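Fold and contact review
Letter by letter, the chains look like this.
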Amino acid sequence: MEFGNGNGTGTDNCNCNGNGIRNGNGIGNGNGNGNEKVKGANVIKMKPMDSELLREQGHIMVDFIADYYRDLQDSPQDFPVLSQVQPGYLRDMLPNSAPDQPESLNELLDDVTKKIMPGITHWQSPSYFAYYASSTSVAGFLGEMLNAGLSVVGFTWQTSPAATELEIIVLDWLAKLLQLPDHFLSTGHGGGVIQGTGCEAVLVVVLAARDRILKQVGKTVLPQLVVYASDQTHSSFRKACLIGGIHEDNIRLLRTDSSTNYGLLPESLEEAISHDLAKGFIPFFICATVGTTSSAAVDPLVPLGKIAKKYGIWMHVDAAYAGNACICPEYRKFIDGVENADSFNMNAHKWLFANQTCSPLWVKDRYALIAALKTNPEYLEYKVSEKDAVVNYKDWQISLSRRFRSLKLWMVLRLYGSENLRNFIREHVNLAKQFEDYVTQDPHFEVVTTRYFSLVCFRLVPVDGDEDKCNQRNRELLAAINSTGKIFISHTALSGQFILRFAVGAPLTEEKHVTEAWQIIQKHATKFNRNGNC
């Protein structure tokens, strides 16, 4: 029998159109393995990779995925944006153990439709407005296909020279689109590397900065090292510091408020540094954010960079979301001051349509990163003509293995071109502005923060200053909206207020989806408005 769309059987000539597996007595002539004599009824011959089987089943899978994207737009009622299942729903729908014999691809895809899809929150729905988008594109998808097909493991230059060299070139391209300083390019002492996520990026630069300072002052002072960020910084920063051995009490998350639109106040940073120095602590790392997760707040890089330079502190810029917009000249101003940063990160899978996962990181001094992460087991050694002639990306990341992620970024940049990418980002920003206009025109709602990009933070307004009651009503409104399955939005908390977030970024989102979303929000808000807003 052979893997495919069915199971074939036979004892002499076994003609099967299955999945690349045949068992039985005699000779099997299936389209998965060709002719091969098999002795004994219990012998199974599997050919996991067969070009014709891949062609056949690959077409089926591409059709399945293309139909999914079509149906997300044409039949949204069949795809609740936020999954409505209960925890543990899948356990009773699947067997307790794996099958002994192969099943057909059609059977499997039928299970995907009936059992898996109900448990999917549809991040690619045009009515997905929660968190930040996980952007996809045809180019990104094709890059993922090619990556999976080649399946290289490019941890050193030798293990796939093209994987290393394309990554270097493509990240130089992207750095130039962002107008990053020359010291972030591969032609100097810096360079770029694609991490899986921004969480990985901040971890490796914390480790690099830690080791750099310990080499200067001695390893025994680790308990005295101090880091700084705003209280709006992504939670991955705290995790990275803890992994790096920084004591939790030495993680300074400085308070922000609406007076700076929740950006980090430079004066509060310098005051904290001076205070710590006076007490014998050693400041060594600042994490500045451009486009925070809560509200897309922007820390002022110019004054923060000057402070970092003054005290010899490593400054990292986390621009996971908003960094993508900075390929547009009109948004580039938000990363002015990056010339004083030691590292810069953005997630191309958030808003540059490169599909999960693709998180470019640039460092000013690649040798500091390599010194913290390099390993040299004998089995990975190989000779090159001269030192530094090649890049071994295993020494720029935590893991050894790495995927050929630059393929999809390369394909996105080539198949769309930078001007089309800029215009698509601008369209998302314009859609967010349209939603913001809807909010400001309704006296029952208010916009809470200044909108810089494609995120709008808003809420039902309080009555008689009762913030506790207002927070509860906004919680109830959020639950009511998301329970419909028609749209999905998320929330945050700012200065003790429960805030609704509306983030535009899904590649299928159009003006009509934003308008429909606002109508749904207004409809469910009416029960609160009848009694005087909140």
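Residues numbered from 1 in each chain as written. Predicted model: local features only at pLDDT ≥ 70, side-chain atom pairs only at ≥ 80, totals over all residues. Heavy atoms only, no water.

Under an unreviewed UniProt entry, the protein has the name Probable tyrosine decarboxylase 2 isoform X2 and belongs to Camelina sativa. What UniProt states about the protein under its Cofactor (unreviewed entry) heading is, verbatim, "pyridoxal 5'-phosphate". Database annotation for the protein, UniProt heading Sequence similarities (unreviewed entry): "Belongs to the group II decarboxylase family." (UniProt positions renumbered as here; feature names shortened; annotations may be inferred.)

Thoughts on the overall build of the protein
If you tally the helices and strands in the protein, you get 14 helices and 16 strands. Here the C-alpha radius of gyration of the protein, 27 Å, is about what a compact globule of 534 residues would show, namely 24 Å. By principal-axis analysis of the C-alpha atoms, the protein measures approximately 85 × 70 × 45 Å. Residue burial in the protein is summarised as follows: out of 534 residues, 52% are buried. (Helix = DSSP H or I, 4+ residues; strand = E, 2+ residues; numbered from the N terminus. Rg over C-alpha atoms; globule rule 2.2 N^0.38 Å. Buried < 20%, exposed > 50% of the residue type's maximum accessible area, 1.4 Å probe, protein only.)

Observations regarding the sheet that holds strand 16 (residues 497–503)
The sheet built from 4 strands is open, its strands ordered 13-14-16-15 with antiparallel pairing. Taken across any chain shown, the strands that pair with only one partner, and hence form the sheet edges, are strand 13 (445–447) and strand 15 (490–494). The average undirected angle you get between the axes of adjacent strands in this sheet is 40 degrees. As judged from the 4 bridges shared by strand 14 (residues 455–460) and strand 16, these two strands associate in the antiparallel manner. Within the sheet, the bridge partner assigned to Phe458 lies in strand 16 and is Leu500. (Pairing = 2+ DSSP bridges. Axes fitted to C-alpha atoms, helices over the stretch in contact; angles between N-to-C directions.)

Things to note about helix 3 (residues 138–150)
Compared with an ideal rise of 1.5 Å per residue, which puts 13 residues at 18 Å, helix 3 spans 18 Å between its outermost C-alpha atoms and is within 8% of the ideal. Every buried residue of helix 3 is accounted for by Ala139, Gly140, Gly143, Glu144 and Asn147. Take helix 3 and look down its axis: the buried residues cluster within an arc of 140 degrees, on one side only. Exposed and facing more than 90 degrees away from the buried side of helix 3 are Val138, Ala148 and Gly149. Among the structural elements, helix 11 (406–416) are those in contact with the buried residues of helix 3. (Expected span 1.5 Å × (residues − 1). Arc of directions from axis to C-beta. Contact = heavy atoms within 4.5 Å.)

Here's the deal with the pairing of strand 8 (residues 251–254)
Alignment of strand 7 (residues 225–230) against strand 8, held across 4 bridges, turns out to be parallel. Directly across from Val227, in strand 8, lies its bridge partner Ile251. Since strand 7 and strand 8 lie parallel, the crossover through helix 6 (residues 235–243) that links them has a hand, and here it is right-handed. (Right-handed = clockwise from strand over helix to strand, strands pointing away.)

Quick notes on the packing of aromatic side chains
The full count for this structure, using the stated rule, is 25 aromatic pairs. Measuring from centroid to centroid gives 5.1 Å for Phe353 and Phe424, while their planes differ by 85 degrees, and the two rings are edge-to-face. Remark: Phe424 occurs in helix 12 (residues 418–441) and Phe353 occurs in the loop between helix 9 (348–351) and strand 12 (359–363); sequence separation between them is 71 residues. Of the residues examined, Phe353 reaches a relative accessible area of 4% and is grouped as buried. Clustering of aromatic rings is evident, with ring pairs tying together Phe129, Phe435, Tyr438, Phe445, Phe458, Phe502 and Trp518. Arg252 extends its terminal NZ or CZ atom over the ring of Phe281, reaching a point 5.3 Å from the ring centre. One cation-aromatic arrangement involves Arg501 over Tyr132; the distance from NZ or CZ to the ring centre is 5.0 Å. (Phe/Tyr/Trp six-rings, centres within 6.5 Å; stacked < 30°, edge-to-face > 60°. Lys NZ or Arg CZ within 6 Å of the ring centre and 35° of its normal.)

Brief notes about a nonpolar patch on the surface
Taken together, the side chains of Val62, Val138, Leu142, Met145 and Leu415 make up a nonpolar region of the molecular surface, amounting to roughly 420 Å² of accessible area. Per element, the largest residue contribution to the nonpolar patch is 3 residues, and it comes from helix 3. Position of Leu415 relative to the elements: it lies in helix 11. (Patch = residues over 30% accessible without salt bridge, like charges linked within 9 Å, V, L, I, M, F, W, Y side chains within 5 Å. Areas by Shrake-Rupley, 256 points an atom, 1.4 Å probe, with all protein chains shown as cover. Salt bridge = Lys/Arg side-chain N within 4 Å of Asp/Glu carboxyl O.)

So, the sheet that holds strand 7
What the 7 strands build is an open sheet, ordered 6-12-11-10-9-7-8; its pairing is mixed. The sheet terminates laterally at strand 6 (191–195) and strand 8, the two strands that pair on one side only. Strand after strand, the sheet turns through a mean of 20 degrees between neighbouring axes, direction not considered. Strand direction decides the pairing type here: strand 10 (residues 314–318) and strand 11 (residues 343–345), joined by 3 bridges, are parallel.

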